Amino acid sequence: MKSFYSLKQAQTFRYLLVLSMIFLGLTVQAQDKTISGVVKDQSGIPLPGVNIKIKSTTTGTITNFDGEFTLAGVSSDNTILFSFMGYEAQEVVVGTNQNFDIVLEESTELLSEIVVVGYGTQKKENLTGAVGVVTPDKDIGNQAITNTETLLQGRIAGVQLTQSGGKPGAGAEITIRGNGTLNNSSPLVLIDGIPGSMQDILPSDIESVSVLKDAASASIYGTRAANGVILVTTKKGGKNEKIKLSYNGYAGVQKATVLPDFLDSWDYMTLKNEASVNAGRSPIYTDEEIAIAKAGTDPYKYGNTDWADETFKDGAFFQNHQVSLTQKVGKTQYLASLGYLDQNGIMYGTSAERLNYRINLKSELGKGFTFGTNFFGAVKTAEESGDTDDQGVMRLIANSSPLVPVFNPDGSWGSASGNPYEINTKNPVFYATEASRKTTKSNKNTINPYLEFNPVQGLTFRTNFSYSYTQAFNKTHKYTFQLTDSDGNDSDVGRQQNSLQDISNTYETVQWENTVNYEKKLNRHSINLLAGTTMNTYKHKWMKAKVTDLPSNDLTEIGSGSNPTVDGTFNESRLMSVFGRVQYSYDDRYLIEANLRTDGSSKFPSNNRYAIFPALSAGWIFSNEAFLESENFLSFGKIRANWGQLGNDKIGYYPYSQSYTPTDGYPFDGSQIYSGGLAVIDLANPDIKWETTTSYGIGADLGFWDDKLTVTADYFVKDTDDILLKLPIPGATGITSPAYQNAGRVKNTGWELAVNHYNTIGNTGIEYNIGFNVTHIDNEIISMQGETQYPNNRQVNMEGSPIGSFYGYNNTGIYRTEEDLETYPYIDGQTPQLGDLIYEDINGDGVIDDKDRTIIGNPNPEYTYGINLGIAYKGFDLKVFLQGVQNVDIYSSSTGNHSGAGNNLMNWTTDWMDRWTPENPNATKPRLGNVNNEEISSFWVEDASYLRLKNIEVGYTFSQNVCKKLKVQNFRIFANSTNPITWTQLEHWDPERYASQSRNEAYPQTTTLTFGTNITF
């Protein structure tokens, strides 16, 4: 009442004042006036297109390209409303002012809802497709990431990332909503719209990562999007004229998450004797030798070397530093960053270095023109053993006798034990560090200039050009050497011929895109139109030169050797595309989007070169309906549905065109022609066409209690048809590689669920968040024209089964009694003994043979999930992130896990102490020495499900008072650890590996402990 009374007083006073002015003869007219001004953001940058109107009227205008405006018909008591997407609305009373300088503040809430999509951005609430987003600064923190791809692991539902191992510079496999092809299934990665690799960019340079998971969101990229699209958006330049200098750095140590626990030498000798006798051979070691090894009285001839511990080190040091500079100079914004990573591998002899640089420029040219350019690159160097083709260091760790010392008494490398019948050891530590060297170097540079033109509000023309050039060089140098035993005598481990091999790869990628975008909002209707063209050219040149018999191991140039051999190839492909998109929204309730793209690829014949890929999606924001306005608990609710088609051309180069291979001779008219000729080795198919992925699904996005709790759920089907396969042809043709045919079909069906909760605890100042995501996928090969593919001797692609399924005998137990031997059938031509593995007779014919092989495991996880937790209080913060997979199999055989059938030096892991013997008939492992126990079977298939504490970080951000004293803007310190704990049933080996890594020879994953700081000056 008081405020109302005061208002009435003010109005009465104003009326009396006007009357008195009239009475005194001063003429006062109620005349409208014109106001003007400029609208800027907090950094002083003019904002074009700001909506300006007189409150409670329809009279208004917008700012021009320089943020300026003029508005007529305004009276002094009017209130002017300024509004712009992404900024807080502002109201200003006119009063006596005629010129206004308005500063709009960014809306954190609105900005967080803006999502990068194909060729633009969109409010998250208006998305009709399935898009997952990761914001590194907010979601990841300061996790020690040496491979930027791992940003996605466990963070987004529907995205599965598997690391190949912890070797410096190693990559990862990424699949989005399941593997949809029997060919290349890697997604398209675009960095600011430019094709690239996430390994080429620093995590701290990334503003956001959007993953387009379905056809509705990805179809705008057509043929390149069949396996999903990853859009990486980098940070932009500064917004004020003051230079902003930021430093992010950390250093730490790493070790293997797990190493195999091999048998001690005396147990190893006992099991070797047992396997040898069971195989019909004589024992290798005497009881006296076993006693010497156990007593440790002769460590140079009968030692106890743990080759895993000797080859890998704890506390391998690594460091990462990045400096970035941002500023606005006039109408030009820039960002410049430089990053350096130095990583020593946990395996001796492995290391990697990487230097990343980036310059982002953007300049307002006036009259609606904006010019920008991104220039970035990466220089990488990695070193490792060059003997990866000679069993490899990982295999040598298990294949080397524990009796052999790392060094002989004179300091030379050990290679032989005191047993004269034992095969000499190749010494993994020596092979990892000095037997050879492999150096890989690469230098990638990309330049991306672009020009935008906004002639009128809502209309944008953009031309975007990019050129990438990568030069990679690989040098492998194998040295001559001779190892000795502990007495100085030559062993049989040596290399008499050295060699030097150089491999050069150059890659060129050119992309030119032109788009026009128009958006308009009229009352309750909103429309966004996009049309564009794109041209891509890709070139790859490969050259190899090799020589042997270099006069000295110190010579490192090809010209120093003899017996030269050379090889090389050149490949080129092109893609031309036209695309368009229509987005329509009515009253922020009803949404519809349609995409259409036509692609033409040089990889396909002219009759099938072009294909059309459409997509349609719709959404209903039911929370904006009038009947839900009174519901307080539901802050947002949307239902989505989508359908679309995508193509895939990742099948190599020109498979429709017949190629010919030079040959030394050929038969002609009954005689042999010895001069050169040409032969058909690979057949071509002039009628091949695109692989086509049809994707459809439904989803829902829900928010509760002012979005403090959000839920996203999706059901999807990803059906790929016309998959290109090489089906078998008769051997009489003499053709080693048949032609591609459109003969396969693969289907992925699944669902996703993501739940997140953010809140504060009363007025305590404590903020917390908790969330999880889970994905379930069923993968099935629907058709292969009745044919079967065998990628290797343990995996199969066949109708009705998941891609890459493990294939072999189904092991049902161990022959433990005489009754078992009489009851269960056995391999044709073999007589089993007690302790051997029992295989299931699938077809019931009483004999175990190839007809009894069946699917015995699935390398594709049924469930993938991630869990994130966070809490912050008065500058302190704690982040915890867990990641896992469930119901996934690996084939784990040979290295450290075998039945001792071979006459070699391969050791066993400690669980093989529980093998079958007459004294231990209920053992978990079969008897040693029988080659039939080595058959591909379910006995060697293990459950690789795991839950991993992926990262835990604790940090402290100093208060602004402290920062002012230190003369910095922000100052934070932190400590974190990656992969510190893994819960899994798998012993001795890390459960995370590629499906093809079946011999337990993957470079181990690493766990790290790091300390670092973030400082802004």
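Residues numbered from 1 in each chain as written. Predicted model: local features only at pLDDT ≥ 70, side-chain atom pairs only at ≥ 80, totals over all residues. Heavy atoms only, no water.

Asks: Quick question: what am I supposed to make of the packing of aromatic side chains here?
Replies: The relative placement of two aromatic rings is captured by the distance of their centres and the angle of their planes. By the definition in use, this model includes 30 aromatic pairs. On the basis of an interplanar angle of 75° and a centroid distance of 4.8 Å, the ring pair of Phe430 and Phe481 is categorised as edge-to-face. Note that Phe430 is positioned in helix α9 (residues 428-433) and Phe481 in strand β24 (residues 481-484), a separation of 51 residues in sequence. Residue Phe430 shares its accessibility class with Phe481, and that shared class is buried. Relative to Phe704, the ring of Phe633 lies with its centre 6.0 Å away and its plane at 15°, an arrangement referred to as stacked. Taken together, the positions of Phe633 in the loop between β30 (610-620) and β31 (634-648) and Phe704 in strand β36 (residues 691-704) put the pair 71 residues apart, joining distant regions of the chain. (Phe/Tyr/Trp six-rings, centres within 6.5 Å; stacked < 30°, edge-to-face > 60°. Helix = DSSP H or I, 4+ residues; strand = E, 2+ residues; numbered from the N terminus. Buried < 20%, exposed > 50% of the residue type's maximum accessible area, 1.4 Å probe, protein only.)

Asks: Explain the sheet that holds strand β4 (residues 68-74) here, please?
Replies: As summarised here, the arrangement of the three strands in space is β4-β1-β7, forming an open sheet in which the pairing is mixed. Strands with a single pairing partner mark the edges of an open sheet, and in this sheet they are β4 and β7 (99-104). Going across the sheet, the axis of each strand differs from the next one's by a mean of 30°, ignoring polarity. For strand β1 (residues 33-41) and β4, the ladder comprises five bridges, and the chain directions are antiparallel. (Pairing = 2+ DSSP bridges. Axes fitted to C-alpha atoms, helices over the stretch in contact; angles between N-to-C directions.)

Asks: Could you clarify how one ought to interpret the pairing of strand β19 (residues 332-344) in this entry?
Replies: Along any regular strand, the residues point their side chains to alternate faces of the sheet. As paired strands, strand β18 (residues 316-329) and β19 are joined by 12 bridges and run antiparallel to one another. Of the residues in β19, the one forming a bridge with Gln322 is Gly339. From the end of β18 to the start of β19, which pair antiparallel, there are two residues, and Gly330 there has a positive phi angle of about 65°. As paired elements, β19 and strand β20 (residues 351-366) share 13 bridges and run antiparallel to each other. When the sheet's bridge partners are listed, Gln333 is paired in β20 with Lys362. Taking the residues between adjacent antiparallel strands as the criterion, β19 and β20 are bridged by six residues, where Gly349 takes a positive phi near 90°.

Asks: How do you make sense of unusual backbone geometry when you look at a structure like this?
Replies: For residues besides glycine, phi is generally negative; the peptide bonds are generally trans as well. Located in the positive-phi region is Tyr119, a residue other than glycine, with phi close to 60°. Within the element layout of this structure, Tyr119 appears in the loop between β8 (114-117) and β9 (120-123). Residue Tyr119 is classed as buried on the basis of its relative accessible area of 19%. Phi is positive for Asn979, which is not a glycine, with a value near 55°. Relative to the assigned elements, Asn979 resides in strand β51 (residues 970-984).

Asks: How should the nonpolar core be read in this particular structure?
Replies: Soluble globular proteins tend to pack their nonpolar side chains together in the buried interior. Counting 33 residues, the largest nonpolar core has Phe312, Met347, Ile397, Phe430, Tyr431 and Phe481 as its most contacted members. Ranked by residue count, the leading element in this core is helix α8 (residues 393-399), at five residues. With sequence-adjacent residues up to four places away left out, Phe481 is seen in contact with Phe430, Tyr431, Ala435, Val493, Gly494, Arg495 and Gln496. Tyr268, Tyr809, Trp916 and Leu928 belong to the second-largest nonpolar core, a separate cluster that totals 31 residues. (Core = buried A, V, L, I, M, F, W, Y, C linked by side-chain atoms within 4.5 Å. Contact = heavy atoms within 4.5 Å.)

Asks: Got a minute to help me understand the confidence of the model for the protein chain in this structure?
Replies: For residues with low pLDDT, the predicted coordinates do not support detailed interpretation. When the pLDDT values of the protein chain are averaged, the result is 87; 93% of them are 70 or greater. Confidence over residues 1-30 falls short of pLDDT 50; this stretch has two contacts with residues more than four positions distant or in other chains. Confidence drops under pLDDT 50 across residues 108-112; counting only partners more than four residues distant or on other chains, this segment forms four contacts. (pLDDT = per-residue confidence, 0-100.)

Asks: Explain the sheet that holds strand β3 (residues 60-62) to me, please; I cannot follow it from the model alone.
Replies: In a beta sheet, neighbouring strands pair by backbone hydrogen bonds and run either parallel or antiparallel. Taken in spatial order, the four strands of this open sheet run β3-β2-β5-β6, and their pairing is antiparallel. The open sheet has two free edges, formed respectively by β3 and β6 (90-93), since each of these has just one partner strand. In this sheet, neighbouring strand axes are inclined to one another by 20° on average, regardless of whether the strands run parallel or antiparallel. In this structure, strand β2 (residues 51-54) lies alongside strand β5 (residues 79-83), joined through four bridges in antiparallel fashion. Of the residues in β5, the one forming a bridge with Lys53 is Leu81.

Asks: I tried to follow the side chain of Ser436 on my own but got confused; where do I start?
Replies: Looking at the element boundaries, Ser436 is found in strand β22 (residues 436-453). Exposure remark for Ser436: the relative accessible area of 0% places this residue in the buried category. One polar contact links Ser436 to Asp387, side chain to side chain, over a distance of 2.6 Å. (Polar contact = N/O pair within 3.5 Å; in protein donor to acceptor, adjacent residues only side chain to side chain.)

Asks: What exactly am I supposed to notice about the pattern of salt bridges here?
Replies: As a working rule, side chains carrying opposite charge can pair if their charged atoms are close by. Enumeration according to the criterion identifies 38 salt bridges in this entry. The salt bridge partner of Arg358 is Asp205, with a shortest N-O separation of 4.0 Å. On the criterion of sequence distance, the pair formed by Arg358 in strand β20 and Asp205 in the loop between β14 (194-195) and β15 (206-212) is long-range, its members being 153 residues apart. According to the relative accessible area criterion, Asp205 is buried, its value standing at 4%. Residue Asp877 pairs with Arg972 through a salt bridge whose shortest N-O separation is 2.5 Å. Of this pair, Asp877 sits in strand β47 (residues 876-886) while Arg972 sits in strand β51, placing them 95 residues apart in sequence. Here the two residues Asp877 and Arg972 agree in accessibility, since each one is buried. (Salt bridge = Lys/Arg side-chain N within 4 Å of Asp/Glu carboxyl O.)

Asks: I would appreciate a short explanation of a negative patch on the surface in the present structure.
Replies: Taken together, the side chains of Asp261, Asp264, Asp309, Glu310 and Asp314 define an acidic patch exposed on the protein surface. Within the element layout of this structure, Asp261 appears in the loop between β17 (244-256) and α5 (265-278). (Patch = residues over 30% accessible without salt bridge, like charges linked within 9 Å, V, L, I, M, F, W, Y side chains within 5 Å. Areas by Shrake-Rupley, 256 points an atom, 1.4 Å probe, with all protein chains shown as cover. Lys, Arg positive; Asp, Glu negative; His and termini not counted. Charge placed at Lys NZ, Arg CZ, Asp CG, Glu CD.)

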